[in-house]
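Architecture at a glance
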Amino acid sequence: GQNIDQPTEMTATEGAIVQINCTYQTSGFNGLFWYQQHAGEAPTFLSYNVLDGLEEKGRFSSFLSRSKGYSYLLLKELQMKDSASYLCAAASGAGSYQLTFGKGTKLSVIP
Amino acid sequence: DTAVSQTPKYLVTQMGNDKSIKCEQNLGHDTMYWYKQDSKKFLKIMFSYNNKELIINETVPNRFSPKSPDKAHLNLHINSLELGDSAVYFCASSQSGQTTEAFFGQGTRLTVV
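Residues numbered from 1 in each chain as written. Chains lettered and ligands numbered in written order. Predicted model: local features only at pLDDT ≥ 70, side-chain atom pairs only at ≥ 80, totals over all residues. Heavy atoms only, no water.

**Thoughts on the overall build of chain A**
- Within chain A, the regular secondary structure consists of zero helices and eleven strands.
- Reading chain A from its N terminus to its C terminus gives the helix and strand order β-β-β-β-β-β-β-β-β-β-β.
- For a compact globule of 111 residues, the expected C-alpha radius of gyration is about 13 Å, and chain A comes in at 13 Å, within 12% of that figure.
- Principal-axis analysis of the C-alpha atoms gives chain A an extent of 45 × 30 × 20 Å.
- When burial is assessed residue by residue, chain A has 50% of its 111 residues classed as buried.
- Summed over its atoms, the accessible surface of chain A is roughly 5100 Å², and 50% of this surface lies on carbon and sulfur atoms. (Helix = DSSP H or I, 4+ residues; strand = E, 2+ residues; numbered from the N terminus. Rg over C-alpha atoms; globule rule 2.2 N^0.38 Å. Buried < 20%, exposed > 50% of the residue type's maximum accessible area, 1.4 Å probe, protein only. Areas by Shrake-Rupley, 256 points an atom, 1.4 Å probe, with all protein chains shown as cover.)

**Observations regarding the sheet that holds strand 7 (residues 60–65) of chain A**
Residue and element names in this part refer to chain A.
- Here we have five strands laid out as an open sheet, ordered 1-3-8-7-6, and antiparallel in their pairing. Bordering the open sheet on either side are strand 1 (2–5) and strand 6 (53–57), each of which pairs with just one other strand. With direction set aside, neighbouring strand axes in the sheet form an average angle of 15°.
- Bridging between strand 6 and strand 7 involves five bridges; their strand directions are antiparallel. Looking across to strand 7, one finds that Lys57 is bridged to Phe60. (Pairing = 2+ DSSP bridges. Axes fitted to C-alpha atoms, helices over the stretch in contact; angles between N-to-C directions.)

**Considerations on the pattern of salt bridges**
Residues and elements named next belong to chain B.
- Applying the stated criterion across every chain yields a total of four salt bridges over all chains.
- Among the salt bridges present, the one from Glu82 reaches Arg63, with a minimum N-O distance of 3.5 Å. One end of the pair, Glu82, is in the loop between strand 8 (75–78) and strand 9 (87–94); the other, Arg63, is in the loop between strand 6 (54–56) and strand 7 (64–67), with 19 residues separating them in the sequence.
- Residues joined by salt bridges that share partners form a network here, namely Arg63, Glu82 and Asp85. (Salt bridge = Lys/Arg side-chain N within 4 Å of Asp/Glu carboxyl O.)

**Re the sheet that holds strand 8 of chain B**
All names here are of chain B.
- Pairing is antiparallel across the open sheet formed by four strands, whose spatial order is 1-3-8-7. Looking along the sheet, the strands with just one partner apiece sit at the ends: strand 1 (4–7) and strand 7. When the angles between neighbouring strand axes are averaged without regard to direction, this sheet yields 20°.
- Relative to strand 8, strand 7 runs antiparallel, the two being bridged by four bridges. Its bridge partner lying in strand 8, Ser65 is registered against His77.

**A few points about the interface of chain A and chain B**
- Listed per partner, the contact involves 19 residues of chain A and 23 residues of chain B.
- A combined buried area of about 1800 Å² lies between chain A and chain B, and 55% of that area is made up of carbon and sulfur atoms.
- Joining chain A to chain B, the criterion identifies zero salt bridges.
- There are four residue pairs in polar contact (both at pLDDT 80 or more) connecting chain A and chain B. (Contact = heavy atoms within 4.5 Å. Buried area = accessible area lost by both parts, 1.4 Å probe. Polar contact = N/O pair within 3.5 Å; in protein donor to acceptor, adjacent residues only side chain to side chain.)

See the structure below:
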């Protein structure tokens, strides 16, 4: 079976750093994605990890530990526009993979 | 240039009707998906499809059926609509053989009344 767990809501201050955690249990694991979704819009890709370690992309970084079934998304220098839902998704299957999403973490950035 | 496009964006219909949502991608991907996002914003896979294999999430009622006229299109047909079908439906595509990101369409907000 597939199980993805992440916090439901978080609040952080503009300019600060926030870490959104995700734990997963996925058979046929083939990598971990993070997506951003603003209200009323489509999810957009942020990052992908398949090997253990940290991937940095501008203000956003993502970390993966396969042995622990754990990932986090780190957002630095928070801006008001970062207020959105952040979806953790585990890929499974070879070839045409499937994404199993967590329920998303709604991040509110306050002044 | 829209990578993954869905129509319509909004769909309001009565219980019992049959409706279709269209999806097209111009990315040259060979795999397409349908996801359902409910009122609690939980995004759940319904189908994944490429020209070789259809994978159906076992929880999807058989009133839902994907139809793919070609590699660039995956339409979603829904028969005998129920109130609980109200949700946002997202189409997505990706390329098999490499775990790159899936691209999502803008979503279709279906309201069954």
